[in-house]
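This is what each chain is made of:
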Amino acid sequence: QVLLHVLFEHAVGYALLAVKEVEEISLLLPQVEECVLNLGKFHNIVRLVAFCPFASSHVALENANAVSEGGVVHEDLRLFLETYLPSKKKKVVLGVGDPKIGAAIQEELGYNCQTGGVIAEILRGIRLHFHNLVKGLTDLSACKAQLGLGHSYSRAKVKFNVNRVDNMIIQSISLLDQLDKDINTFSMRVREWYGYHFPELVKIVNDNATYCRLAQFIGNRKELNEDKLEKLEELTMDGAKAKAILDASRSSMGMDISAIDLINIESFSSRVVSLSEYRQSLHTYLRSKMSQVAPSLSALIGEAVGARLIAHAGSLTNLAKYPASTVQILGAEKALFRALKTRGNTPKYGLIFHSTFIGRAAAKNKGRISRYLANKCSIASRIDCFSEVPTSVFGEKLREQVEERLSFYETGEIPRKNLDVMKEAMVQAEEVAVEIARKLEKQEKKRLKKEKKRLAAIALMASENSGSTPEECEETVERPRKKKKQRPQEAPQENGMEDSSSSVLPKPKKKKSLSKAELVSSDLEETAVSTGFPKRKKSLPKEEPASDPEEVVNSSSVPKKKKKLSSKEEPLSSGLEEAAGSKSSSSKKKKKLKKISQEN
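Definitions and cut-offs
Residues numbered from 1 in each chain as written. Predicted model: local features only at pLDDT ≥ 70, side-chain atom pairs only at ≥ 80, totals over all residues. Heavy atoms only, no water. UniProt positions renumbered as here; feature names shortened; annotations may be inferred. Helix = DSSP H or I, 4+ residues; strand = E, 2+ residues; numbered from the N terminus. Expected span 1.5 Å × (residues − 1). Bend = angle between axes of the 7 residues up to and from the residue. Core = buried A, V, L, I, M, F, W, Y, C linked by side-chain atoms within 4.5 Å. Buried < 20%, exposed > 50% of the residue type's maximum accessible area, 1.4 Å probe, protein only. Domains from an automatic or database assignment. Contact = heavy atoms within 4.5 Å. Pairing = 2+ DSSP bridges. Axes fitted to C-alpha atoms, helices over the stretch in contact; angles between N-to-C directions.

Before going further, it helps to spend a moment on the UniProt feature "coiled-coil region" (unreviewed entry) in the protein chain. Per the UniProt record, "coiled-coil region" (unreviewed entry) is found at residues 426–458. Within the segment residues 426–458, helix and strand shares are 100% and 0% respectively, and the terminal C-alpha atoms sit 47 Å apart.

Here helix H7 (residues 118–133) contains 16 residues, and its C-alpha end-to-end distance of 19 Å is more than 12% below the 22 Å for a straight helix at 1.5 Å per residue. Roughly 50° is the biggest bend found in H7, and it falls at Arg-127.

Right, let's get into the nonpolar core. Leu-297, Leu-300, Ile-301, Ile-310, Leu-319 and Leu-373 are the most contacted members of the largest nonpolar core, which has 39 residues in total. Broken down by secondary-structure element, the contributors of at least two residues to this core are helix H9 (167–195), helix H14 (259–293), helix H15 (295–301), helix H16 (303–313), helix H17 (316–321), helix H20 (356–360), helix H21 (366–386) and helix H22 (393–411). With 7 residues, the top contributor of residues to this core is H21. In this structure, this core is formed jointly by two domains, domain 2 (167–282) and domain 3 (294–436), each of which donates at least three residues. Leu-300 has contacts with Phe-357, Leu-373, Lys-376, Cys-377, Ala-380, Gly-395, Leu-398, Arg-399 and Val-402, leaving out every residue within four places of it along the chain. Counting residues in hydrophobic clusters, the runner-up holds 26 residues, among them Ala-64, Leu-77, Leu-85 and Ala-104.

With that settled, the discussion passes to the sheet that holds strand S4 (residues 92–95). Judged by pairing direction, the sheet is mixed, and its 5 strands sit side by side in the order S3-S2-S1-S4-S5 without closing on themselves. In this open sheet, the two edge strands, each paired with only one partner strand, are strand S3 (46–53) and strand S5 (112–114). Strand-to-strand twist across the sheet, computed as the mean angle between neighbouring axes with direction ignored, equals 25°. When S4 meets S5, the two strands line up parallel, connected through 3 bridges. Paired with Val-93 across the bridge in S5 is Asn-112. Helix-sheet contacts for H7 involve strand S1 (3–9), strand S2 (13–19), S3, S4 and S5, and the interaxial angle to S1 is about 60°.

Structure follows, in structure tokens:
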């Protein structure tokens, strides 16, 4: 008995399902459609054999790309089928939704594949009830997986090389054709409008852009004189034409025109001139873009015709997939279907008629050269589409072959063989590729050097800003804090312990003003009081804290002065205060010694 298995590709993985009652299903299609909607009945028909989830979203994207391209069996799919399908391949029929992947599986693995009919109905039921067939899979998680894979697949399809995007070529050639039509229409409007005033100018100047420039420059023809002849020669690029315009303006039959009408004509002609200048810049942009995207095709047939072929095909990839017969009549579809309908002669050429080769060929050779040219265009488009390094070497060699073929039709000179020409092209292309690689390496090195310098400068600036400012800020913050802490600690010592010294320092100036009698009386009073001596000894180190202790003890002049000063400082002090000072002498001595040690 032949076993029918169905392969189902989902965003979460591959599933292989076995189908029961193959004969009944194949005979009763309406019942199958009813069973698909009911989960219980569908379980009786289909049984899950194996399910292989994808390891990651990247693997899922790779498998999706392989399935969508058709004809490509991914390694995961190959391993899955070889593992879970029966070994006897003749007794197995594999149902697949896509005929292309079915043909690829049959060719590579040898399994008989079936598509359409009952398989489509079963796949519809599997798609509907898949989250119920697989354990641990919910409808929400399956929808999320499908959405994520769809986004990543679309993103991968949209991503192109920025320098090889053919969409810009399609848009620019379409805009170029539209600009040509608009410039012609507007130029005819300027000719008619300004022709009322200066009708002879139309016959002298044929170019539309030049006519608009002249209309803008001349304005009122009555004001045209010999002084403007040089400017006319610059605009017309011909001295005879400039002289003819000057002569015609003097004997013109045109009507007079007001200043407002002239202003409107000049403004409109200036718009047409700007459009023509933009058209030239757009054509330059198109040439540069074609040299990047399709250098061989542009070297063979020209930038404009090559861009029209790409735009008509939709992309360079689509043009590369077309055979030469399709490229030959690309753009003449109406004539082709009309000829097929009326059984007339089919067209010999389409868009490639605008190339110079067909115009140069004789009437009897136009069809032959168009076939040959279409063949070379197909080769050039494939080289441009699938080559890694774009080069115009192949296009130039193909152009030489077309030239030789054209001369062969005219003179009978035998052209070179295609094999020899392609060998030469391969050698030159390798040399060009090496040169391009060197240039790219140099550019990359320069860019990296600039980037390193820029990053180093940024890092240096950041290190200076971030390294210096916080530390400096911390230091500046810490230092005043220490001073603030020390100042209040030192302040009481100065106030408490050096009151006598602080009071002594300003009073030596007053010693000179004191009389001798007062000094003698103060000395007598101090010697009479026995408790006053220790006071004088204690005040010695406070007056000169920076001096050594030996100097403080041995110096006899300092205590004498101090005695005099202390007697004058405290003339009203009582004996109780002196007694209190003698009691605190021990504590003051300790503080003095500490202070002296700190100063040393």
